[in-house]
Amino acid sequence: MARLPRCLVTMACGLAVLLTQPWPAHAQTNVPELKVLKTLKIGGSGRWDCVLVDPDANRLYVTRSTHLQVIDCETGTVVGDIDQLQGAHGTAVVADRNLGFVTSGRENAVVMFNLKTLKVLDRIKTQPSGGQNPDAILYDPASKKVFVSCGGGDALVIDPANPSAPSVSIPCGGKLEFGVADDAGHVFINNEDKSEIEVIDTTALKLTDHWPVAPAEHPTGLALDARRHRLFSTGGNQKMAMVDSQTGKLLGTVPIGRGVDGCEFDPKLGVAVCANGADGTVTVVHEDSPGKFSVVQTLPTLKSGRTIANNPKTSQFFIPATLPAEGDSSAPFGVITIGPAN
């Protein structure tokens, strides 16, 4: 048999090493430290809940119980306010249709508004029973549908192309919390009462699986690493569960802080970050090798900072919180921005 040239043998050996190495060689070490970069003093009345970043418009949407504040990400300037809400929780943006949606839980409605003028266009009533108390909400670009998590146990589906049509109701039971979409035909939603992740087929619009997250309990925040197919589900018992988004297999758990609510994943940094409101910290979690996760940082923020949003363009995270009081004045509301120092 004729011998291969030495250069081809060397190249083949190098390629074999690359193909058999399942994880980047730098994965365990190349995790930048996060820091508090700035604090935006916002003000305004009302208890806050979820925060959403619109990276293209450079806007933050923060629900404040009876109204929705629209804030400039850089300056903290309130550029608009949508009022007459009743128990506002979550916001979703459908940029290609110039539409926004915010849940108004106590009136069992989803309020639709114009993204440019912020004018309210419609109040979409959720269905009775399982559609009560709409809470978290998300837009799935793959199906071009809006999915609403309801405290009554249903996931509701709104078509932004035809918002006046009756919403589709997908019964899940329990109390639904944050959800994420994988842009490949699935929406995943935490079920706080059942301590599981509900899997929804966004083409058939039906529930297809229930994935337990034990030993994590009463999960709220949910984040997704779409490239590696990892779900990060934050439990109220100070545990974060990592689940394979293709198989539902529990890959592991790590300890997190008290009073967690929201969780986000940044694809550039390769970390999941959850906000622990009772402790006043965020927990930063990294996958060091396949199926092996570790807490790489616990960063002090402010107590009450329990929800979080990520801007994937800048790798910055935004956390609404009560700021320290100044002088004799009452403690103001603001948003902490965290991210890599450089």
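Below you will find a few notes about this structure.

Scoring rules and cut-offs
Residues numbered from 1 in each chain as written. Predicted model: local features only at pLDDT ≥ 70, side-chain atom pairs only at ≥ 80, totals over all residues. Heavy atoms only, no water. Helix = DSSP H or I, 4+ residues; strand = E, 2+ residues; numbered from the N terminus. Rg over C-alpha atoms; globule rule 2.2 N^0.38 Å. Buried < 20%, exposed > 50% of the residue type's maximum accessible area, 1.4 Å probe, protein only. Contact = heavy atoms within 4.5 Å. Areas by Shrake-Rupley, 256 points an atom, 1.4 Å probe, with all protein chains shown as cover. Lys, Arg positive; Asp, Glu negative; His and termini not counted. Charge placed at Lys NZ, Arg CZ, Asp CG, Glu CD. Pairing = 2+ DSSP bridges. Axes fitted to C-alpha atoms, helices over the stretch in contact; angles between N-to-C directions. Salt bridge = Lys/Arg side-chain N within 4 Å of Asp/Glu carboxyl O. 1 Å grid on protein atoms, 1.4 Å probe; cavity = no way out; pocket = protein on both sides within 12 Å on 5 of 7 lines; lining within 4 Å. Points joined across faces, edges and corners; volume = space filled by probe spheres on them. Nonpolar A, V, L, I, M, F, W, Y, C, P; charged D, E, K, R; others polar.

## Re the overall build of the chain
Helix and strand content of the chain: one helix and 28 strands. At 21 Å, the chain has a C-alpha radius of gyration in line with the 20 Å of a compact globule built from 342 residues. Within the chain, the fraction of its 342 residues that count as buried is 52%. Sequence-distant contacts in the chain: of pairs separated by 6 or more residues, those separated by 24 or more amount to 42%. Approximately 15200 Å² of the chain is accessible, and the part contributed by carbon and sulfur atoms is 52%. Mean positive and mean negative side-chain charge positions of the chain (30 and 35 charges, respectively) differ by 5 Å.

## Considerations on the sheet that holds strand β10 (residues 134-140)
Sheet strands associate in pairs through backbone hydrogen bonding, adopting either a parallel or an antiparallel arrangement. Taken together, the four strands give an open sheet; going across it, the order is β10-β11-β12-β13, and neighbouring strands pair in antiparallel fashion. Unpaired on one side and paired on the other, β10 and β13 (168-171) mark the two borders of the sheet. Strand-to-strand twist in this sheet, taken as the mean axis angle between neighbours without regard to direction, amounts to 25°. Here strand β11 (residues 145-150) pairs with strand β12 (residues 154-158) via four bridges, running antiparallel. Each residue of the ladder has a partner; that of S149, found in β12, is A155.

## A closer look at the pattern of salt bridges
Summed over the entire model, instances satisfying the criterion amount to 13 salt bridges. A salt bridge links D135 to K175; the nearest nitrogen and oxygen atoms lie 3.9 Å apart. Here the residue D135 occupies a position in strand β10, and K175 occupies one in the loop between β13 and β14 (176-181), the gap between them amounting to 40 residues. Taking the relative accessible area as the measure of exposure, D135 reaches 8% and is therefore buried.

## Concerning the pairing of strand β17 (residues 206-212)
As a general feature of sheets, a regular strand has side chains that alternate between the two faces. Across six bridges, the pairing between strand β16 (residues 196-201) and β17 is antiparallel. Counted as the bridge partner of E198 is H210 from β17. Counting the residues between successive antiparallel strands, the hairpin from β16 to β17 contains four residues, one of them, L205, with a positive phi of roughly 55°.

## Topic: empty space enclosed by the protein
Per the stated rule, a full pass over the model turns up one cavity of 30 Å³ or more. As for the largest cavity, its lining consists of D225, R228, F232, F265, G270, V271, A272, V285, H286 and E287. Where the lining of the largest cavity is concerned, the elements lending two or more residues are β23 (271-276) and β24 (281-289). Ranked by the residues each element gives to the lining of the largest cavity, the list is headed by β24, at three residues. For the lining of the largest cavity, a count of residues per class yields five nonpolar, two polar and three charged.

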